[in-house]
Amino acid sequence: MANHSINQVLLVAGTHGNELSGLYLQKLIRDGVYHADRSTFQVKNTVGNPLAVKKNTRFIDIDLNRAFSSADLESDANEKRLAAEFVKQHASNENQLIIDLHNTTCNMGATLILLSNDPYYTRMGAYVKQRMPEANILFEDRKSWQDQPYLCTTGEHG
Ligand SMILES: [Zn+2]
């Protein structure tokens, strides 16, 4: 990955419909309580799985955050349709960083999961650790970017 000139951040919440922290952050942004835009980038908000959010459930048919592997077979599951739509809308934006916000059921504290050990991400991890020493930085980079099944690997940066 050569060019990392990010000018847009796509903030995704509700990828798992029963995880509320990201949705709450989006509400704070909508209400003007928190200003997410910076001088070098603008933030766009979207909800990953609106129907699952409405039903307060993790997913309808299958886990949306495992539905993004290019190796997956076609399926008419609600989440495969959502994944295909998300890819169509967001995959080609080269200047965009996708951040997918989750909650967890284990008491692991604030954790940044990075899916590549490319210097861009090791620097991102170092920056977050410097600003927020209590944060955990987790590299989950055993698979290639293309083979990752996660929503935030849809585009070039996530
Ligand atoms: Zn989740």
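Named according to an unreviewed UniProt entry, the chain is Probable aspartoacylase originating from Vibrio maritimus.

Describing unusual backbone geometry
Backbone geometry places Asn56, a non-glycine residue, at a positive phi of 50°. Within the secondary structure layout, Asn56 lies in the loop between helix H2 (50–54) and helix H3 (78–90).

Comments concerning a nonpolar patch on the surface
Taken together, the side chains of Met108, Ile113 and Leu138 define a hydrophobic patch exposed on the protein surface, amounting to about 230 Å² of accessible area. Residue placement: Leu138 occurs in strand S5 (residues 136–139). Here Leu138 falls in the partly exposed class, since its relative accessible area comes to 35%.

Here's the deal with the coordination of the zinc ion
At this site the zinc ion is bound by His16 (ND1), Glu19 (OE), Glu19 (OE) and His102 (ND1), with donor distances of 1.9 to 2.3 Å. Around the zinc ion, the four donor atoms are arranged such that angles at the metal cover 57 to 148°; this shape is classified as irregular. Mapping the donors of the zinc ion onto the primary sequence yields the spacing H-x2-E-x82-H. Highlighted residues: His16 in the loop between strand S1 (8–13) and helix H1 (21–30) and His102 in the loop between strand S3 (96–100) and strand S4 (111–114), separated in sequence by 86 residues. Of the residues examined, His16 reaches a relative accessible area of 4% and is grouped as buried.

Some details on the pattern of salt bridges
Tallied over the full model, the rule gives four salt bridges. Notably, a salt bridge pairs Glu19 with Arg58, separated by 3.3 Å at the nearest N-O pair. A residue pair is termed long-range when its members are at least 10 positions apart, and Glu19 in the loop between S1 and H1 and Arg58 in the loop between H2 and H3 qualify at 39 residues. Taking the relative accessible area as the measure of exposure, Glu19 reaches 7% and is therefore buried. Overall, Arg58 belongs to the partly exposed group, its relative accessible area being 31%. Arg58 is the partner of Asp63 in a salt bridge, and the nearest nitrogen-oxygen pair spans 3.5 Å. Several salt bridges converge on common partners, so that one network encompasses Glu19, Arg58 and Asp63.

Observations concerning the nonpolar core
By size, the foremost hydrophobic cluster in this structure holds 25 residues, and its most contacted members are Phe86, Ile98 and Leu151. Put simply, the parts of the chain that give this core at least two residues each are S1, H3, S3 and helix H4 (119–131). For this core, the leading source of residues is S1, giving four residues. Each residue touching Leu151, except ones within four places of it in the same chain, is listed here: Val12, Thr15, Leu64, Asn65, Phe68, Phe86, Ile98 and Asp100.

Examining the side chain of Asn65
Topologically, Asn65 is positioned in the loop between H2 and H3. Of the residues examined, Asn65 reaches a relative accessible area of 8% and is grouped as buried. A polar side-chain atom of Asn65 sits 2.8 Å from the main-chain amide nitrogen of Leu151. Contacts of Asn65, omitting those with residues within four sequence positions, involve Thr15, His16, Asp100, His102, Pro149, Tyr150 and Leu151.

Things to note about the pairing of S1
For S1, a buried count of six out of six residues is recorded, marking the element as mostly surrounded by other parts of the structure. Alternating residues of S1 divide into Gln8, Leu10 and Val12 and Val9, Leu11 and Ala13, and every residue in both groups is buried. Examined bridge by bridge, S1 and strand S2 (residues 42–47) share six bridges and lie parallel to one another. Residue pairing across strands places Ala13 opposite Val47, the latter belonging to S2. In terms of handedness, the path from S1 via H1 over to S2 forms a crossover that is right-handed. Pairing analysis gives five bridges linking S1 to S3, with the strands arranged parallel. The residue of S3 that forms the bridge with Leu10 is Ile98.

Rules used throughout
- Residues numbered from 1 in each chain as written.
- Predicted model: local features only at pLDDT ≥ 70, side-chain atom pairs only at ≥ 80, totals over all residues.
- Heavy atoms only, no water.
- Helix = DSSP H or I, 4+ residues; strand = E, 2+ residues; numbered from the N terminus.
- Patch = residues over 30% accessible without salt bridge, like charges linked within 9 Å, V, L, I, M, F, W, Y side chains within 5 Å.
- Areas by Shrake-Rupley, 256 points an atom, 1.4 Å probe, with all protein chains shown as cover.
- Salt bridge = Lys/Arg side-chain N within 4 Å of Asp/Glu carboxyl O.
- Buried < 20%, exposed > 50% of the residue type's maximum accessible area, 1.4 Å probe, protein only.
- Donors = N, O, S within 2.8 Å, 3.2 Å for Na, K, Ca; no water.
- Tetrahedral: all angles 85-135°; square planar, octahedral: opposite > 155°, others 65-115°.
- Core = buried A, V, L, I, M, F, W, Y, C linked by side-chain atoms within 4.5 Å.
- Contact = heavy atoms within 4.5 Å.
- Polar contact = N/O pair within 3.5 Å; in protein donor to acceptor, adjacent residues only side chain to side chain.
- Pairing = 2+ DSSP bridges.
- Right-handed = clockwise from strand over helix to strand, strands pointing away.

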